[in-house]
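# Survey of secondary and tertiary structure
So you can see what is in the structure, the chains are spelled out below.
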Amino acid sequence: ARGVGRIRTLERQGSKSGHKSPRGLMQMRQQVDFWVEKAFEYFQEMQDARLAPSIYTYNAMLDVCAKASLRKHKGAEFLRRGVMIWKDMRRERIRPNDITYLKLLDLCNSCAASRVKDRAVSTQAFEVAMDVYDHIQGKRRRTSPVVYSILFNVARREATSASVDKAYAIFQDMDSSSRNKHTYTSMMSALSAVGRWREAVDLLETGRKEGIKPDRIMYSVCMEAIGHLPDQVLNLHKRMISEGIEDDHITARLVERVGGFKGALRRRERPPPSQASTGNRRRSWSRFST
């Protein structure tokens, strides 16, 4: 708990302007590494002293793993540690709560979102996330929309057809009461990541039929998914504006990019100049030069 508290303090300090120098950031990273290892030492001392860790201790350690896995080249290490903690809990027959599941999924999401993309780590993170989801379903607990959103985000970052297929099957089996803007946006992003733009756009209409009014983020995900279809992007943008949703820097950039793309297509489709016109330009240039 002391290590987790120290990490959170350092994260808050890192957002201040006085801690953005390279030397200060290096010192912060060293302190984070020190307190992370200190937390694991405390956890091991508890086990050696036969002080049975409680559910709160396990949740704190999973929180440490989730935060530390965001460090460069640290995803595989802390995913392995988090899985070991998860196995210890099940072996000790400690009943997980909702926070435990969320911390585990947060760990998987952090590993998949690592700055250093490692396909093996992303695949393992998705497998662990699916194991957590199956455990929730086996206990017949009510699955919150947050769990679904994180699971779909892990599939998006893993970005393979197999993972997105599994996530999409789960989305289709979801109860309509568990669907909200976040679950729709996460699933649309996952489909877009593997090129399934038609299904992503269809989800926008499906959500509308279920009473979920699309917001700017849902529109931007669809616009980015169909970025290779300029006319459809502009039509979708007009529809967004007609519903009273204003542009932000993301939607404005997408529309600007589509406009440049259409200009390039018009220039490419412009017929080449005829030989007669080329000869006339050459004669006029020769008269000017003389």
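Let me sum up the structure you'll find in this document. These figures come from a predicted structure and were not determined experimentally.

Attention shifts here to the side chain of Thr183. With respect to the helices, strands and loops of the structure, Thr183 is situated in helix α9 (residues 181-193). Relative accessible area serves as the criterion here: at 0%, Thr183 is assigned to the buried category. Looking at Thr183, its side chain comes within polar contact range of the main-chain nitrogen of Asn180, at 2.8 Å.

With that out of the way, let us pick up the packing of helix α7 (residues 145-158) against α9. The interhelical angle for the contact between α7 and α9, taken along N-to-C directions, is 15°, at an axis separation of 8 Å. Comparing the axis directions of α7 and α9 gives the class roughly parallel. Viewed along their axes, α7 and α9 form a crossing whose handedness is left-handed. Residues Pro145, Tyr148, Ser149, Phe152, Asn153 and Arg156 of α7 form the contact with α9, whose own contacting residues are His182, Thr183, Ser186, Met187, Ser189, Ala190 and Ala193. Broken down by class, the residue content of the contact of α7 with α9 amounts to 6 nonpolar, 6 polar and 1 charged.

Taken N-terminus to C-terminus, the directions of helix α3 (residues 55-68) and helix α4 (residues 75-91) make an angle of 165°; their axes are 9 Å apart at the nearest point. Considered as vectors, α3 and α4 are oriented roughly antiparallel to each other. When the axes of α3 and α4 are compared, the crossing they make is left-handed. In this structure, α3 contributes Ile55, Tyr58, Met61, Leu62, Cys65 and Ala68 to the contact, and α4 contributes Phe78, Arg81, Gly82, Ile85, Asp88 and Met89. Residue composition of the contact of α3 with α4, grouped by class: 9 nonpolar, 1 polar and 2 charged.

Its location among the elements puts Asn97 in the loop between α4 and α5 (98-112). Sequence separation between Asn97 and Arg141 is 44 residues; the distance between their C-alpha atoms is 9.9 Å. Excluding residues within four positions of it along the chain, Asn97 makes contact with Ile55, Asn59 and Arg141. Engagement of the side chain of Asn97 in a polar contact is seen with the side chain of Thr100, the distance being 2.8 Å.

Cut-offs applied
- Residues numbered from 1 in each chain as written.
- Predicted model: local features only at pLDDT ≥ 70, side-chain atom pairs only at ≥ 80, totals over all residues.
- Heavy atoms only, no water.
- Helix = DSSP H or I, 4+ residues; strand = E, 2+ residues; numbered from the N terminus.
- Buried < 20%, exposed > 50% of the residue type's maximum accessible area, 1.4 Å probe, protein only.
- Polar contact = N/O pair within 3.5 Å; in protein donor to acceptor, adjacent residues only side chain to side chain.
- Axes fitted to C-alpha atoms, helices over the stretch in contact; angles between N-to-C directions.
- Parallel < 35°, antiparallel > 145°, perpendicular 65-115°, else oblique.
- Left-handed = near helix turned anticlockwise from the far one by under 90°.
- Contact = heavy atoms within 4.5 Å.
- Nonpolar A, V, L, I, M, F, W, Y, C, P; charged D, E, K, R; others polar.

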